[in-house]
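# Working through the structure, step by step
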Amino acid sequence: MKLKKSQKRVLVRIIVAAALLLLCHILIGGHSHFGENHGHVHLPDWAAALCYLVPYFIIGYDILWKAVRGIFHGQLFDENFLMAVATVGVLSIGLFPDQEPEYLEAVMVMLLYQTGELFQSIAVGKSRNAIASLMEICPDTANVERDGKVEEVFPDEVAVDDIIVVKPGEKVPLDGTVIEGASSLNTVALTGESNPRDVSVGDGVISGCINMNGVLRVRVEKEFGESTVSKILELVETSGDKKSKSEAYITRFARWYTPIVVCSAAALAILPPVIMGLIGGFESAPWSEWILRAINFLIISCPCALVISVPMSFFGGIGGASRHGILIKGSNYLEALAKAETVVFDKTGTLTKGNFKVTAIHPEKIDEQALLDLAATAESYSDHPISRSLKQAYAKEVDNSRVGEVREIAGHGIKAMIDGKQVCVGNRKFMRSIGAQWHECDAVGTVVHVAVDGEYEGHIIVSDEIKPDAEKGIAQLRKLGVKKTVMLTGDASATGRAIGERLGVDEVHSELLPEGKVKKLEELIAQKSPKGQVVYVGDGINDAPVLARGDIGIAMGALGSDAAIEAADVVLMDDKPSKVATAIRISRRTLSIVRQNIVFAIGVKVIVLVLSLLPFIGTLPPIVAIFADVGVMILAVLNAMRALYVPKK
Amino acid sequence: MKKVFKMEDLDCAHCAAKMEEGIKKIEGVTYASVSFMAQRLTVEADEDKFEEIIPQIIKVVKKVDSDCKVIIK
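Residues numbered from 1 in each chain as written. Chains lettered and ligands numbered in written order. Predicted model: local features only at pLDDT ≥ 70, side-chain atom pairs only at ≥ 80, totals over all residues.

### Remarks on the overall build of chain B
When you go through chain B residue by residue, the secondary structure sums to two helices and four strands. Listing every helix and strand of chain B by position from the N terminus yields β-α-β-β-α-β. Taking 2.2 N^0.38 as the reference for a compact globule, 73 residues should give roughly 11 Å; the C-alpha atoms of chain B span a radius of gyration of 11 Å, in line with that estimate. The proportion of buried residues among the 73 residues of chain B is 41%. Summarising the internal contacts of chain B: among those between residues at least 6 apart in sequence, 64% fall at separations of at least 24. (Helix = DSSP H or I, 4+ residues; strand = E, 2+ residues; numbered from the N terminus. Rg over C-alpha atoms; globule rule 2.2 N^0.38 Å. Buried ≥ 20, exposed ≤ 12 C-beta atoms within 10 Å, placed from the backbone. Contact = placed C-beta atoms within 7 Å.)

Right under this line is the structure:
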């Protein structure tokens, strides 16, 4: 394990101080809660005290110094102050006539405290590194072709349309399209998916993937700052800015807890002895006993365990999720995901692959090829999946010179002037609105109707493939206790219902325009229970407003889609609907770790506080208090680190 | 305008919360967030006021934890 320089220094100080302390104890001996020890060397009290002060200052000088500085800066209740007061208190107990000096105890408290701090600092560093390892997706250099030669440059020096060469074993530095070569890409760092992705000429490649076997020549499509890698890194880095309610709660708790305990400690040290002194005479006042109790209070008043373990758990949860290709934009969303009550899916591109294929052509009078020609030409400017499938089926280059004015009518279709005729391509609503004599078709899939100059010319059936894990994903959600799964689609209700039934979703709402989806989502949000959350899952391409409206918006297949990354609260790097259940599972696990830590840390503190108050137990040695404090912190931190390691299931 | 600063040696979560509170109180700052785990400070304020605000931010940070550094680019 690699330690930072400052950590090493502390470690050395701990070892040296511990050794010196042991030496002092053996040679000089003295009184402690562990019993009497008569050392080999008999020293006068003041000399013994000086000997013990050596390890005390070695281990505690920085804390004492910070405590003094803190007082001048008005940081009265920080942990340095608490530890300084507590240890000085223990040391000064020896000044009371009825008490033996407890030097060993004082040095031990400081020693254990520093050990705990060191451990905590190592643990925090480790968690931070785990996120940094995600940063390893960041490419260092790019090989760009300039004037026929390949030059190695920084990725941010490469411009759009430059040609880069990616050799086997290298990371793809920028997003682009393959123009030569074929290879397999390892996307595990991005998506958590270990199956490599095969690419060849014409395929898009995404920065951050590792090229496994072939040399690729890639035409760059996005500058480095806009490429997938940069977006992901930015997203992960900013995730800490949005804090969860638990974090805010703990901060508030710490703000009140420490001063209250410190004031009670002061009261505890002064009031009971004064009262007893007034009753029984000053001589009998048990000052040292109550000061010891007050010191226990001080030691236990540090809320470190809580304050550190809660953000650490969230950070771990977000980090663990990112290893599965699930990017969560803030702890608040992680917290909200755990309460998912309704999960709403968009159909196309989310539950289905969105790779539409033309499965049937039903013309009225003209022949099949002519109908397809009209549809493909009209849709030539559109990038909608359906348009793409039409163009794919057409298989010829569309002659754009034939196309005049083109208008896209949202939720209806496309109106285009082709060879001087007005061609309308779209759904039946569109046909109805232009008054064409359309008719239904009983084939399953999306029906694309075509009309020329208001005359119905026939329809083309385009159908979509359901994603292989969609059904499993929905079933998992149900198993997790999600009350309702809903599918929204712009498709005709027969198609929507057929798909909904196959997938096992609870509700299907069909024939929705983009605005309709927002409205439907608002209805669903109105129906939920006060604490439940409505999650919307979409592909982020044409449903950004809906994504933004959900309590939590999840965009999937985000590799390469900036719009999705921006609009969503949670981003799934690959396009598997089953990852929604994984995300919810991770969030629940993280939250349960947070809850365990809160209950455990507060619980132990309360128990120790009560124990140190009870008169019949006698005074608790301060070492028990410091063990409770440091021990709880270590356990809570270890527990928090669990959040980082998400078990595969 | 929003600016993000990296921080170094931010070792206690409690301090991060205190810094956040302190920075929020600086005049001209409309929003501030210190992320303990990511060691990042996000500050929102008017662009032309940043010059006055940055030294105050450094002062607040130093006051809470003298070891912690804010990296000003």
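### Side note on the overall build of chain A
Along chain A, the regular secondary structure elements total 21 helices and 24 strands. Radius of gyration (C-alpha) of chain A: 34 Å, far over the 26 Å computed for a compact globule of 649 residues. In terms of overall dimensions, chain A has a C-alpha envelope of 115 × 60 × 40 Å along the principal axes. Split into buried and exposed, the 649 residues of chain A put 48% on the buried side. Residue pairs at least 24 apart in sequence account for 66% of intrachain contacts in chain A once pairs closer than 6 positions are excluded.

### Regarding the packing of helix H3 (residues 79–92) of chain A against helix H8 (residues 287–300) of chain A
Residue and element names in this part refer to chain A. Running from amino to carboxyl end, H3 crosses H8 at an angle of 155 degrees, the nearest separation of the two axes being 9 Å. Between H3 and H8, the interaxial angle falls into the category roughly antiparallel. For the pair H3 and H8, the crossing hand works out as left-handed. Contacts from Leu82, Val85, Ala86, Gly89 and Val90 of H3 reach H8 at Ile291, Ile295, Leu298 and Ile299. When its residues are assigned to classes, the contact of H3 with H8 shows eight nonpolar, one polar and no charged. (Axes fitted to C-alpha atoms, helices over the stretch in contact; angles between N-to-C directions. Parallel < 35°, antiparallel > 145°, perpendicular 65-115°, else oblique. Left-handed = near helix turned anticlockwise from the far one by under 90°. Nonpolar A, V, L, I, M, F, W, Y, C, P; charged D, E, K, R; others polar.)

### Focus on the domain arrangement of chain A
All names here are of chain A. As far as domains go, chain A holds domain 1 (140–232), domain 2 (318–353 + 467–587) and domain 3 (357–463). Across the contact, eight residues belong to domain 2 and seven residues belong to domain 3. Looking at the side of domain 2 that touches domain 3, its residues break down into four nonpolar, three polar and one charged. (Domains from an automatic or database assignment.)

### A closer look at the environment of A:Arg255
Structurally, A:Arg255 is set in helix H7 (residues 245–280). Note: C-alpha distance between A:Arg255 and A:Pro303 (48 residues apart in sequence) is 9.3 Å.

### Notes on the sheet that holds strand E6 (residues 176–180) of chain A
Residues and elements named next belong to chain A. Taken in spatial order, the six strands make up an open sheet running E4-E3-E5-E11-E6-E9, and their pairing is antiparallel. The open sheet has two edge strands with one neighbour each: strand E4 (149–153) and strand E9 (204–205). In the sheet, E6 pairs with E9 via two bridges, with the strands oriented antiparallel. Within E9, the residue paired with Gly176 across the bridge is Val205. (Pairing = 2+ DSSP bridges.)

### Looking at the interface of chain A and chain B
Interface size is commonly expressed as the accessible surface area that is lost when the partners come together. Tallying the contact residues gives 18 residues for chain A and 14 residues for chain B. Of all the elements in the fold, those that place two or more residues in the side of chain A that touches chain B are helix H4 (103–134), H7 and helix H9 (304–323) of chain A. Top contributing element to the side of chain A that touches chain B by residue count: H9(A), with six residues. Residue composition of the side of chain A that touches chain B, grouped by class: eight nonpolar, six polar and four charged.

### Quick look at the packing of helix H1 (residues 5–27) of chain A against helix H2 (residues 45–72) of chain A
All names here are of chain A. H2 packs onto H1 with a crossing angle of 165 degrees between their chain directions and a minimal axis gap of 9 Å. The pairing of H1 with H2 is recorded here as roughly antiparallel in orientation. Every pair of crossing elements has a handedness; the one defined by H1 and H2 is left-handed. On H2, the residues touching Arg13, Ile14, Val16, Ala17, Leu20, Leu21 and Cys24 of H1 are Cys51, Tyr52, Val54, Pro55, Ile58 and Ile59. Here the residues of the contact of H1 with H2 sort into twelve nonpolar, no polar and one charged.

### Here we look at helix H2 (residues 50–64) of chain B
Residue and element names in this part refer to chain B. Along its 15 residues, H2 runs 21 Å from first to last C-alpha, staying within 8% of the 21 Å computed at 1.5 Å per residue. All of the buried residues in H2 are Ile57, Val60, Val61 and Val64. Buried residues along H2 cover an arc of 95 degrees about the axis, so they all sit on one side. Residues of H2 that are exposed and point more than 90 degrees away from the buried face comprise Glu51, Glu52, Pro55 and Lys59. (Expected span 1.5 Å × (residues − 1). Arc of directions from axis to C-beta.)

### Focus: the nonpolar core
All names here are of chain A. Counting 176 residues, the largest nonpolar core has Val107, Val109, Leu337, Val344, Ile554 and Val570 as the members making the most contacts within it. Counting contributing residues, this core receives three or more from each of domain 1 (140–232) and domain 2 (318–353 + 467–587). When residues no more than four places from it in sequence are discounted, the contact partners of Leu337 are Ile552, Val570, Ala583, Ile584 and Ser587. (Core = buried A, V, L, I, M, F, W, Y, C linked by C-beta atoms within 7 Å.)

### Topic: the environment of B:Ile53
Residues and elements named next belong to chain B. Topologically, Ile53 is positioned in helix H2. Here Ile53 falls in the partly exposed class, since 19 other C-beta atoms lie within 10 Å of it. Taking the C-alpha atoms as reference points, Ile53 and Ile72, 19 residues apart in sequence, are found 12 Å from one another. In contact with Ile53, not counting residues within four places along its chain, are Ile26, Gly28, Val29 and Ala45.

### A short note on the pairing of strand E19 (residues 455–463) of chain A
Residues and elements named next belong to chain A. Across six bridges, strand E14 (residues 357–363) lies against E19 in antiparallel orientation. Bridging from a neighbouring strand, Ile361 pairs with Ile460 of E19. Direction of pairing for strand E18 (residues 446–452) relative to E19: antiparallel, over a ladder of seven bridges. Note on E19: the bridge partner recorded for Ala451 is Tyr456. The turn linking E18 back onto E19 is made up of two residues, and Asp453 within it adopts a positive phi angle of 50 degrees.

### Some remarks on unusual backbone geometry
Residue and element names in this part refer to chain A. Of note, Asp161 is a non-glycine position whose phi angle comes to about 80 degrees, a positive value. Assignment of secondary structure puts Asp161 in the loop between E4 and strand E5 (163–166). Positive phi is not limited to glycine here, since Glu511 has a value of about 50 degrees. Along the polypeptide, Glu511 turns up in the loop between strand E21 (507–509) and helix H17 (514–527). Take Glu511: there are 16 C-beta atoms within 10 Å of it, and that puts it in the partly exposed class.

### Details of the sheet that holds strand E13 (residues 340–346) of chain A
All names here are of chain A. Across the sheet, which stays open at both edges, the seven strands sit in the order E12-E24-E23-E22-E13-E20-E21 with mixed pairing between neighbours. Lying at the two open borders of the sheet, with one neighbouring strand each, are strand E12 (326–328) and E21. Strand after strand, the sheet turns through a mean of 20 degrees between neighbouring axes, direction not considered. Against the sheet, H17 contacts E13, strand E20 (484–488), E21 and strand E22 (533–538), and its axis sits at roughly 155 degrees relative to E22. Against the sheet, helix H20 (residues 579–613) contacts E12, E13, E22, strand E23 (552–555) and strand E24 (570–572), and its axis sits at roughly 50 degrees relative to E12.

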